[in-house]
Amino acid sequence: MRNINTRMPAIALLPLSLLLASCATPDVAPPTASLLSQESLAIQPASQLPAANWWSAMNDPVLDQLVSVALSRSPRLTMADARLRAARASSDSVASSDGLRVNGSAGFTRERSSEYGNNPPAYRGIYTNLETVGLDASYRFDFWGKTRAQLAAARGQARAAELEADDARQWLAWAVSSQYLEWRTAQHALQLLREDLSQAEALLQSGQTRSKHGLAAPEELAQLQAQQAESRERLARASQREAQASHALAALSAQPQASLAQLPDAALPQWQLDTRPYSTSMLGQRADIQAARERVEAASATVRAARADFYPDLRIGSLAALSSSELSNLLNPGARLLRFAPALTLPIFSNGELNARLSGRTADYEQAVAQYNQTLLAAVQETADRSSQLHSLAQAETQVLAAQAARQEAARVLQARVTSGLASRSQWLAENRRYTQARLTTLETRAQRLQAQAALLRALGSQRTAS
């Protein structure tokens, strides 16, 4: 008997050893995707970022008002904030899934037994009561870090949602600023094109007068008529451009079209951006890049959680209650009901479910890595494009301003010559029209430079706003 007793522990361990040997094992290769190094793309931690309200540097109260209204009303931001709240709620839910849980219960049951049941005759067809009051508690152990990994993933998704909400605000501010600049440009272009049409009509009228006196060739008159038609066509396209910019601005700022018509007229902003403090080294702080990185970290945590599914899960449950068929006996010691129920769950054969889940989480991770890399590369390209575009437009604006000044001086000289009888009025009208067209070129170039400045700040990212 002594030998049998000493062998019992070894014999008892045999089924457990066989159970552990036959449990499910992961059969999925680890992820192969890797993150691009920011240092390899000359991206370093930035000590200075554009201000969160960078558009206020334009010193345009109308623009400030439109951006403020858009940020308070936009459905895009409402959706982003809702996604953020949902992500935070999911994180809180995961955080509460482990550890101690305690529930209280109280119940009353009144039951009539069947007269034809298997109960003894004395208990057939009678009413019985059962009162129960108790507490049940359970505790789940996170030995393998599954819940910790799930919690890290949920919190990463919440941080990503917060960053994406901030990026949505930055995008909306840029979109409103861009459409506002387009709207103001179209308004001023309309004014200049009306002047151009008036000048084209005056030139045509002068040509018709000279043609009646045989001083203008037929082809000259036809050319003047074509110029007038072309000016009308440009004016019509400019009117459509102004309407489209107005519609887009009304939609972005979530207000009726009529409210824009009540806004006061304003010149294009005198906004000169010093680009020397700004470079691609700031991109590491861009909200969408940070959000993509958080998605990668969250996906990595879900891979760890999927691997933890292959390991045992231990839960301990207990119940302490008072139960009695008579209310008067409910608080007596004999009414105690106690239960202790530890449980071990070990996956043995899952028909490929666990490996399929792990494979899916691994694919999600590689997709998140690819998305991060794509976001980073696109941001670098966008910033470089905007920076070079802004540099070229600044040079072009200097040149068109010089050309405009030259045309202005030529028109002034011709006007003096007309007064002195040394030049014809048609010559002055033609030169004055060329001056108007030079002003239009200057307007468009300046508007493009302003748009490029706003786009550069959008590409770089700005300081984060309060969530």
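Further up the page is the structure itself.
Remember, predicted model here, so these are calculated numbers, not experimental data. (Residues numbered from 1 in each chain as written. Predicted model: local features only at pLDDT ≥ 70, side-chain atom pairs only at ≥ 80, totals over all residues. Heavy atoms only, no water.)

A. Main features of the overall build of the chain. Looking only at helices and strands, the chain features 9 helices and 4 strands. Along the chain, helices and strands appear, N-terminal first, in the series α-α-α-β-β-α-α-α-α-β-β-α-α. The C-alpha atoms of the chain give 39 Å as radius of gyration, which overshoots the globular expectation for 467 residues (23 Å, by more than 25%). In terms of its C-alpha atoms, the chain occupies a principal-axis envelope of roughly 135 × 55 × 40 Å. When contacts within the chain are restricted to residue pairs at least 6 apart in sequence, long-range pairs at least 24 apart make up 84% of them. (Helix = DSSP H or I, 4+ residues; strand = E, 2+ residues; numbered from the N terminus. Rg over C-alpha atoms; globule rule 2.2 N^0.38 Å. Contact = heavy atoms within 4.5 Å.)

B. Quick peek at the sheet that holds strand 3 (residues 313-324). Here we have 4 strands laid out as an open sheet, ordered 1-2-3-4, and antiparallel in their pairing. Here the strands that pair on one side only, and so sit at the sheet edges, are strand 1 (99-112) and strand 4 (336-345). Going from strand to strand, the sheet's axes swing by 15° on average, the running direction of each strand aside. Pairing geometry for strand 3 and strand 4, over 10 bridges, is antiparallel. For Gly 317, the partnering residue across the bridge sits in strand 4 and is Ala 341. (Pairing = 2+ DSSP bridges. Axes fitted to C-alpha atoms, helices over the stretch in contact; angles between N-to-C directions.)

C. Inspection of the packing of helix 2 (residues 61-73) against helix 4 (residues 146-212) at higher detail. Contact geometry of helix 2 with helix 4 gives a least axis separation of 10 Å together with a crossing angle of 140°. Taken together, the axes of helix 2 and helix 4 lie oblique to each other. Regarding helix 2 and helix 4, the two cross each other, and that crossing is right-handed. The segment helix 2 lies against helix 4, with Val 62, Leu 63, Leu 66, Val 67, Ala 70 and Leu 71 engaging Arg 169, Leu 172, Ala 173, Val 176, Ser 177, Tyr 180 and Arg 184. Looking at the contact of helix 2 with helix 4 residue by residue, the class counts come to 10 nonpolar, 1 polar and 2 charged. (Parallel < 35°, antiparallel > 145°, perpendicular 65-115°, else oblique. Left-handed = near helix turned anticlockwise from the far one by under 90°. Nonpolar A, V, L, I, M, F, W, Y, C, P; charged D, E, K, R; others polar.)

D. Geometry of the pairing of strand 3. Pairing between strand 2 (residues 127-140) and strand 3: 10 bridges, direction antiparallel. Among the inter-strand pairings, Val 133 is bridged to a residue of strand 3, identified as Leu 322.

E. Quick look at unusual backbone geometry. One non-glycine residue with positive phi stands out, namely Asn 59, at about 55°. By the element assignment, Asn 59 lies in the loop between helix 1 (2-21) and helix 2. Looking at Asn 59, the relative accessible area reads 66%, which means it is exposed. You will see that Ala 254, though not glycine, has its phi angle at about 55°, which is positive. Examined against the element boundaries, Ala 254 turns out to sit in the loop between helix 5 (218-252) and helix 6 (257-261). (Buried < 20%, exposed > 50% of the residue type's maximum accessible area, 1.4 Å probe, protein only.)

F. Structural detail: the packing of helix 4 against helix 9 (residues 425-460). The N-to-C vectors of helix 4 and helix 9 enclose an angle of 175°; their axes lie 9 Å apart at closest approach. On the basis of their axis angle, the class for helix 4 and helix 9 is roughly antiparallel. Along the lines of polarity and charge, the residues of the contact of helix 4 with helix 9 split into 17 nonpolar, 11 polar and 9 charged.

G. The nonpolar core, seen in detail. Formed by 49 residues in total, the largest nonpolar core has its most connected members in Leu 66, Val 176 and Trp 271. Among the secondary structure elements, those contributing two or more residues to this core are helix 2, helix 3 (75-95), helix 4, helix 5, helix 8 (353-419) and helix 9. Top element by residues in this core is helix 4. It accounts for 14 residues. When neighbours within four sequence positions are excluded, Leu 66 is seen to be in contact with Val 176, Tyr 180, Leu 249, Ser 253, Gln 255, Leu 260 and Leu 263. Counting residues in hydrophobic clusters, the runner-up holds 18 residues, among them Ala 299, Leu 358, Tyr 365 and Leu 376. (Core = buried A, V, L, I, M, F, W, Y, C linked by side-chain atoms within 4.5 Å.)

H. Local environment of helix 9. In this model helix 9 runs 53 Å from its N-terminal to its C-terminal C-alpha over 36 residues, within 8% of the 52 Å that 1.5 Å per residue would give. One or two positions beyond helix 9, positive phi appears at Gly 461, with a value near 85°. (Expected span 1.5 Å × (residues − 1).)

I. Examining the environment of Ala 341 more closely. With respect to the helices, strands and loops of the structure, Ala 341 is situated in strand 4. Taking the relative accessible area as the measure of exposure, Ala 341 reaches 35% and is therefore partly exposed. Expressed as a C-alpha distance, the spacing of Ala 341 and Arg 315, which sit 26 residues apart in the sequence, is 8.4 Å. In this structure Ala 341 touches Arg 315, Ile 316 and Gly 317, once residues within four positions along its chain are discounted.

J. Region of interest: the pattern of salt bridges. Inspection of every chain in the model, using the stated rule, returns 28 salt bridges. With its nearest N and O atoms 2.7 Å apart, the salt bridge here joins Arg 449 to Glu 397. You can see Arg 449 sitting in helix 9 and its partner Glu 397 sitting in helix 8, a full 52 residues away along the chain. Residue Glu 397 is classed as buried on the basis of its relative accessible area, which comes to 9%. Salt bridges sharing common partners tie together Lys 146, Asp 309, Glu 353 and Arg 357. (Salt bridge = Lys/Arg side-chain N within 4 Å of Asp/Glu carboxyl O.)

K. View of the layout of surface pockets. The computed volume of the largest pocket comes to approximately 400 Å³. As for the largest pocket, its lining consists of 19 residues, of which Glu 164, Asp 167, Asp 288, Thr 375 and Arg 458 are closest to the centre. Here the lining of the largest pocket gets 6 residues from one element, more than from any other, and that element is helix 8. Grouping the constituent residues of the lining of the largest pocket by class yields 7 nonpolar, 2 polar and 10 charged. (1 Å grid on protein atoms, 1.4 Å probe; cavity = no way out; pocket = protein on both sides within 12 Å on 5 of 7 lines; lining within 4 Å. Points joined across faces, edges and corners; volume = space filled by probe spheres on them.)

L. Representation of a nonpolar patch on the surface within the structure. On the surface, Leu 100, Val 102, Leu 135 and Tyr 139 cluster together into a nonpolar patch covering about 400 Å² of accessible area. Secondary structure elements with two or more residues in the nonpolar patch: strand 1 and strand 2. Taking the relative accessible area as the measure of exposure, Tyr 139 reaches 36% and is therefore partly exposed. (Patch = residues over 30% accessible without salt bridge, like charges linked within 9 Å, V, L, I, M, F, W, Y side chains within 5 Å. Areas by Shrake-Rupley, 256 points an atom, 1.4 Å probe, with all protein chains shown as cover.)

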